[in-house]
Amino acid sequence: MASRWRYAVPNAFTAASIVFAVLAIEDAIAGRVVAAMWWCLYGTLTDRLDGAAAKMLKASSEFGVQFDSLADLTIFGIAPPAVFYAFYEAHPELGWATPWTRAALVALCAAWTLATAVRLARFNVASATGPVEHYSGTPSTMTAGIVGVAFLTALKYSDAAWTLPEHADPWRLLDGARLDATLAFLPLLLLLGAVGMLSPLRVPKLGRTRSRALTIVLAVTVAFGYGAGLFHRLPEYMLAGGLVYLAACIVFHLRTR
């Protein structure tokens, strides 16, 4: 009986991702889009923890694989476009309120969700035949993370009226930069993310590097990002890290093509 309980730990992290997705959608509907997107980003942490727990406790199972895939679709495929749609529906002045542009926004949201589903299904089929050396297409976790922090960064460095009554993050690495002009174009990130997930881009699997010092630096950098994120701080820091990693993936793809 005790051996069965070890499976509850990774499955609990997976279940948390689904709960975060529900909370994200509820906050988005209520107009709290900043909090909603942070709930989506919390899913990147629980997605990593469930795999780590399963490996540490030797609690991998077919149920866990399927449960994790459904959770990923919920937190990364459904919740982020719901946040985008809620924000732009509440702010017609950004240009997505006419019949044609609203239809385009719906199409972008649907394209993101479908791309996430296809990306997850493709990964499940590939991994069923054995361990994969690299990912094909940007992982849904990575894609949702980059798009999510880009959305939060743009809002953080825009007029505070866009996110009232939510409070802005007072930690400003970009000082007095203003990104108001980018808000009207942010839904296009959904299209770029969908293309990235369905692309043949080879993405290396994260792991320990050959340099112990580099491994420590990377671990501290990532840990600081997660710590700041838990307090809704420094999305621009996480965006910079995500873009650097994306650039590294492109270099990896070109070198191993």
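Residues numbered from 1 in each chain as written. Predicted model: local features only at pLDDT ≥ 70, side-chain atom pairs only at ≥ 80, totals over all residues. Heavy atoms only, no water.

### A short note on the nonpolar core
Spelled out, the test is: Put simply, buried Ala, Val, Leu, Ile, Met, Phe, Trp, Tyr and Cys residues joined by side-chain atoms within 4.5 Å make one nonpolar core. Only protein chains enter the calculation, and the probe is 1.4 Å; a residue is then buried if its accessible area is under 20% of its type maximum, exposed if over 50%, and partly exposed in between. Runs of H or I in DSSP of at least four residues are treated as helices and runs of E of at least two as strands, each being numbered from the N terminus. Should any heavy atoms of two residues lie within 4.5 Å, those residues are considered in contact.
Core analysis: the largest hydrophobic core is formed by 46 residues, its most contacted members being V83, F84, F87, Y88, F151 and L155. For this core, the secondary structure elements donating two or more residues are α2 (8-29), α3 (33-56), α4 (62-90), α5 (99-128), α6 (140-156), α7 (188-198) and α9 (235-256). Ranked by the residues each element gives to this core, the list is headed by α6, at 10 residues. F87 has contacts with V33, L94, F151, L155 and W162, leaving out every residue within four places of it along the chain.

### Considerations on the packing of aromatic side chains
Given two aromatic rings, their pairing is described by the distance between the two centres and the angle made by the two planes. Inclusion rule: Working definition: a ring pair exists when centres of Phe, Tyr or Trp rings (six-membered ring for Trp) sit within 6.5 Å. Plane angles under 30 degrees give stacked, over 60 give edge-to-face, the rest tilted.
Tallying each qualifying case throughout the model produces 11 aromatic pairs. An angle of 70° between the planes, with centres 6.4 Å apart, marks the rings of Y88 and W96 as edge-to-face. Taking 5.8 Å as the distance between ring centres and 45° as the angle between the ring planes, the aromatic pair formed by F123 and Y135 counts as tilted. Linking F123 in helix α5 with Y135 in strand β1 (residues 134-136), this pair joins segments that are 12 residues apart in sequence. Residue classification places F123 among the partly exposed residues on the basis of a relative accessible area of 29%.

### Some remarks on the confidence of the model for the protein chain
Rules: One number per residue, pLDDT, summarises how confident the predictor is, and it ranges from 0 to 100.
Per-residue confidence for the protein chain gives a mean pLDDT of 90, with 93% of residues at or over 70. Per-element mean pLDDT across the protein chain ranges from 67 in helix α1 (residues 2-5) up to 97 in α7.

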